[in-house]
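What follows is the residue order along each chain.
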Amino acid sequence: MGHRITNKVSIGGDNSGKITQTGIEGAAADDPVPALLRLVERLTAEVRGEDLAKQEVLEDALTDLAGDLRAGEAAEPAVVRSRWEKIKGLLGGLAQFSELVAKISDQVQKIFT
């Protein structure tokens, strides 16, 4: 569920002014990239401190992917997909990360086609 705007609006009497809305700033509510970024950050936090093969390379790749996602529309879809494939390969099907990997894979495929 996206953000809900809960500002009160009172209309009554004689109002000849312009009606404006203020509230959520930043990404549009229907923008899926912030949700994907949160998943990548969660995976990064879970990977950090583990003793995995190529730990440093994995953490660097996750950091780079998060940077790409923060870049928004400037992110190259091919680069994002390539980084994600590298990360998936480095995780090598580890069961403790399988749920997050599946969610991220689904989102990368939907967003960066």
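Provided above is the structure to which this section pertains.
Residues numbered from 1 in each chain as written. Predicted model: local features only at pLDDT ≥ 70, side-chain atom pairs only at ≥ 80, totals over all residues. Heavy atoms only, no water.

**Student:** Sorry if this is basic, but what is going on with the overall build of the protein chain here?
**Tutor:** Tallying secondary structure elements over the protein chain gives 4 helices and 0 strands in all. Along the protein chain, from the amino end to the carboxyl end, the secondary structure elements read α-α-α-α. Every one of the 113 residues in the protein chain was classed for burial, and the buried ones make up 26%. If you take every contact in the protein chain between residues at least 6 apart in sequence, the share linking residues at least 24 apart comes to 62%. Summed over its atoms, the accessible surface of the protein chain is roughly 8100 Å², and 48% of this surface lies on carbon and sulfur atoms. (Helix = DSSP H or I, 4+ residues; strand = E, 2+ residues; numbered from the N terminus. Buried < 20%, exposed > 50% of the residue type's maximum accessible area, 1.4 Å probe, protein only. Contact = heavy atoms within 4.5 Å. Areas by Shrake-Rupley, 256 points an atom, 1.4 Å probe, with all protein chains shown as cover.)

**Student:** Looking at this model, I keep getting lost on the nonpolar core. Mind explaining?
**Tutor:** Generally speaking, soluble globular proteins have nonpolar side chains that are buried together. Counting 25 residues, the largest nonpolar core has L43 and L91 as its most contacted members. Secondary-structure elements contributing two or more residues to this core are α1 (33-47), α2 (55-70), α3 (77-91) and α4 (98-111). Sorting elements by how many residues they give to this core places α1 first, with 7 residues. (Core = buried A, V, L, I, M, F, W, Y, C linked by side-chain atoms within 4.5 Å.)

**Student:** Would you mind showing me how to read the side chain of S105 here?
**Tutor:** Its place among the elements puts S105 in helix α4. In contact with S105, not counting residues within four places along its chain, are W84 and K88.

**Student:** Teacher, can you tell me more about the pattern of salt bridges here?
**Tutor:** Side-chain pairs of opposite charge can arise whenever the charged atoms involved come near each other. Summed over all chains, the structure comprises 7 salt bridges. Put simply, E85 and K88 hold a salt bridge, and the shortest N to O gap is 3.4 Å. Within this pair, E85 and its partner K88 are both found in helix α3, separated by 3 residues, close to a single helical turn. For E85, a relative accessible area of 47% puts it in the partly exposed group. The shortest N-O distance in the salt bridge between D106 and K110 comes to 3.2 Å. Placement of the pair is D106 and K110 together in helix α4, with a separation of 4 residues, close to one helical turn. Since its relative accessible area comes to 56%, K110 is described here as exposed. Through salt bridges with shared partners, one network takes in D64, D68 and R83. (Salt bridge = Lys/Arg side-chain N within 4 Å of Asp/Glu carboxyl O.)

**Student:** Before we go on, may I ask you to explain unusual backbone geometry in this structure?
**Tutor:** A negative phi angle characterises most non-glycine residues, just as the trans form characterises most peptide bonds. Its identity as a non-glycine residue notwithstanding, K54 has a phi of 55°, on the positive side. Considering the arrangement of structural elements, one finds K54 in the loop between α1 and α2.

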